[in-house]
Amino acid sequence: MSPLVTSYIALFAAIVSEVVGSAFLQRSEQFTKLVPTAIMAIFYIASFYFLSLALRSLPLGIAYAIWAGLGIVLTAAVSLVIFKQSLDIAAMIGIGLIIAGVVVMNVFSQTAGH
């Protein structure tokens with residue numbers, strides 16, 4: 001497997017870990033519940049570990065933009081589905097713009113290492 005593919009797999013793992021950690025941050029109720037707080041910490045640490053692996057082949061700016069952008073989108077989806085929090089039209093437009101930005105970087109940027 002190529003180093004670039006391995007880096008994107010690690011980046012995907014970093015994003016998923018960050019989203020799971022954020023879900024448990026919500027469940028921790030401001031760090032007052034021990035088990036959700038511990039799970040949150042484990043997933044946040046895992047997220048940064050996987051991000052560090054992704055940086056072996058991906059430029060920091062590209063990797064971080066994808067990690068942060070898709071993390072926002074997926075965290076909003078988790079908030080909507082699991083926590084039943086609503087999104088207004090402005091939030092949905094903003095999320096659409098984040099997705100568009102990630103697509104533009106990956107399809108058109110020479111910096112992304114394609």
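Report on the accompanying structure. Just so we're clear, the structure is a prediction, and the values are computed from it rather than from any experiment.

Thresholds, definitions, all that
- Residues numbered from 1 in each chain as written.
- Predicted model: local features only at pLDDT ≥ 70, side-chain atom pairs only at ≥ 80, totals over all residues.
- Heavy atoms only, no water.
- Helix = DSSP H or I, 4+ residues; strand = E, 2+ residues; numbered from the N terminus.
- Expected span 1.5 Å × (residues − 1).
- Contact = heavy atoms within 4.5 Å.
- Axes fitted to C-alpha atoms, helices over the stretch in contact; angles between N-to-C directions.
- Parallel < 35°, antiparallel > 145°, perpendicular 65-115°, else oblique.
- Left-handed = near helix turned anticlockwise from the far one by under 90°.
- Patch = residues over 30% accessible without salt bridge, like charges linked within 9 Å, V, L, I, M, F, W, Y side chains within 5 Å.
- Areas by Shrake-Rupley, 256 points an atom, 1.4 Å probe, with all protein chains shown as cover.
- Salt bridge = Lys/Arg side-chain N within 4 Å of Asp/Glu carboxyl O.
- Core = buried A, V, L, I, M, F, W, Y, C linked by side-chain atoms within 4.5 Å.
- Buried < 20%, exposed > 50% of the residue type's maximum accessible area, 1.4 Å probe, protein only.

### Some details on helix H2 (residues 34-54)
The end-to-end C-alpha separation of H2 is 30 Å, in line with the 30 Å expected for 21 residues at 1.5 Å each. Among the structural elements, helix H1 (3-27) and helix H3 (60-81) are those in contact with the buried residues of H2.

### A word on the environment of Leu-60
In this fold, Leu-60 is placed in helix H3. When the C-alpha atoms of Leu-60 and Val-35 are compared, they prove to be 32 Å apart, with 25 residues separating the residues in sequence.

### Remarks on the packing of H3 against helix H4 (residues 89-108)
Working note: a packed helix pair is described by the angle between its axes plus the distance between those axes. Where H3 meets H4, the closest approach of the two axes is 10 Å, and the angle between their N-to-C directions is 150°. With respect to H4, the element H3 is oriented roughly antiparallel. The chirality of how H3 crosses H4 is left-handed. Across from Ile-62, Ala-65, Ile-66, Gly-69, Leu-70, Ile-72, Val-73 and Ala-76 in H3, the residues of H4 making contact are Ile-95, Ile-98, Ile-99, Val-102, Met-105 and Asn-106.

### Description of a nonpolar patch on the surface
Together, Ile-99, Val-103, Val-104, Val-107 and Phe-108 line one region of the surface with nonpolar side chains, adding up to about 470 Å² of accessible area. Note that Val-103 resides in helix H4.

### Some remarks on the nonpolar core
Ranked by size, the top nonpolar core spans 17 residues in total, and within it Leu-11, Ile-15, Leu-51, Ile-66 and Trp-67 carry the most contacts. Secondary structure elements with two or more residues in this core: H1, H2 and H3. Here this core takes six residues from H1, the largest share from any one element. Beyond its immediate sequence surroundings of up to four residues, Ile-15 is in contact with Ile-66, Trp-67, Leu-70, Gly-71 and Leu-74.

### Things to note about the side chain of Thr-37
Mapped onto the fold, Thr-37 is located in helix H2. Looking at Thr-37, the relative accessible area reads 17%, which means it is buried.

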